[in-house]
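Next come the chains, spelled out residue by residue.
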Amino acid sequence: MSQSFFDKTLITERGEVDSQRWKKHHACLVVMQGAEIGRDFRLRRGSMTIGRGLDVDIRIPDDLASRRHARVDFNWDPFKETATFVLSDLDSTNHTFVNSRQADRIELQDGDKIQIGDTVLKFVVLDEIEVKFHAEVRHRITFDQLSGLLTKESLFLALEMELKRCHRYTVPLAVLMMDLDHFKQVNDTRGHLMGSHVLAEVGRLIARSIRGADVAARFGGEEFVAYLPEADGAGAVQVAERIRLSIESTEFALDGETVRTTISTGIALFPAHGNDLKSLVSRADKALYRAKEDGRNRVCLDVN
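Residues numbered from 1 in each chain as written. Predicted model: local features only at pLDDT ≥ 70, side-chain atom pairs only at ≥ 80, totals over all residues. Heavy atoms only, no water.

1. Considerations on the environment of Ile 267
Mapped onto the secondary structure, Ile 267 falls in strand 18 (residues 263-270). By relative accessible area, Ile 267 is classed as buried at 0%. As a C-alpha pair, Ile 267 and Cys 300 span 33 residues in sequence and 6.2 Å in three-dimensional space. (Helix = DSSP H or I, 4+ residues; strand = E, 2+ residues; numbered from the N terminus. Buried < 20%, exposed > 50% of the residue type's maximum accessible area, 1.4 Å probe, protein only.)

Put into structure tokens, the structure is as follows:
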């Protein structure tokens with residue numbers, strides 16, 4: 001019996017490997033321990049601040065981190081043609097540690113572990129392939145593949161850390177529970193491909209409508225959830241209305257067919273409506289139910 005074609009090793013012509021491609025390296029901080037474990041922050045030229053504040057370059061949702069905790073500075077030596085990154089503590093309350101030693105200012109080396117509060121970041125220098133690998137692994141673990149938003153589990157993990165910060169510093173927070181109206185009709189009349197397309201586009205519209213510090217996820221099915229750090233009732237309603245209007249005004253098109261949909265939203269506030277994840281999600285869900293009962297395509301803020 002002759003050897004099958006599929007058992008043979010295929011031979012193909014390949015050009016020489018582009019050696020310059022493999023020489024490209026990127027310095028990153030990878031979260032080894034903390035609310036956003038697995039996330040990597042690519043360091044850029046110039047300075048980048050690290051902390052729990054909303055205005056930093058690398059935000060750590062850790063209540064033991066200062067608002068502006070530390071800074072990483074990029075330094076370039078034109079004679080040696082080498083780059084270095086220097087980490088400096090910014091007079092933080094709980095200090096910065098590198099490899100378990102308190103550090104006020106230190107030049108980072110590949111593999112150094114930086115501890116800020118309960119969060120541990122690893123300084124690594126990755127080539128192009130490693131950067132893509134890290135990004136792909138984190139994306140698959142952390143993000144819902146259809147909507148592009150976080151998974152429910154990833155959001156809840158981050159929200160738990162954010163609530164610790166809210167308790168410690170007495171800052172407000174809003175939770176939004178969102179649900180597409182009559183979405184079953186879209187699947188039943190236009191098919192599941194159109195339904196999936198709508199969910200993907202809704203995820204994009206939500207991501208575009210929230211603030212930079214806000215976090216959104218797909219809760220499951222046609223439900224979505226978000227939390228808004230340091231947002232009061234008026235601010236939360238403003239964000240929710242922006243999401244509602246963007247979805248209401250969008251015509252979702254696929255393969256020559258179009259469909260429209262709307263979204264209803266319930267809002268709960270910390271600490272007025274609860275001081276833990278379970279109670280806040282429950283109160284936001286009740287407000288969502290009321291929005292549905294009142295006619296859908298509306299935002300409902302929970303009341304005391």
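Still to come is the rest of the account.
2. What about unusual backbone geometry?
Here the bond from Phe 270 into Pro 271 is cis, since omega is 5 degrees, no more than 30 degrees from zero. By secondary structure assignment, the location of Pro 271 is in the loop between strand 18 and helix 7 (277-293). At Glu 230, a residue that is not glycine, the phi angle is positive and equals roughly 60 degrees. Its location among the elements puts Glu 230 in the loop between strand 15 (223-229) and helix 6 (233-248). Unusually for a residue other than glycine, Arg 296 sits at a positive phi of about 65 degrees. Considering the arrangement of structural elements, one finds Arg 296 in the loop between helix 7 and strand 19 (299-301).

3. Structural notes on the packing of aromatic side chains
For the coordinates displayed, the defined rule picks out 3 aromatic pairs. Between Phe 74 and Phe 85, the aromatic rings sit 5.4 Å apart at their centres with planes inclined by 65 degrees, giving edge-to-face as the arrangement. Residue Phe 74 is found in strand 5 (residues 70-77), and its partner Phe 85 is found in strand 6 (residues 82-89); the two are separated by 11 residues along the sequence. Here Phe 74 and Phe 85 have matching classes, each one buried. (Phe/Tyr/Trp six-rings, centres within 6.5 Å; stacked < 30°, edge-to-face > 60°.)

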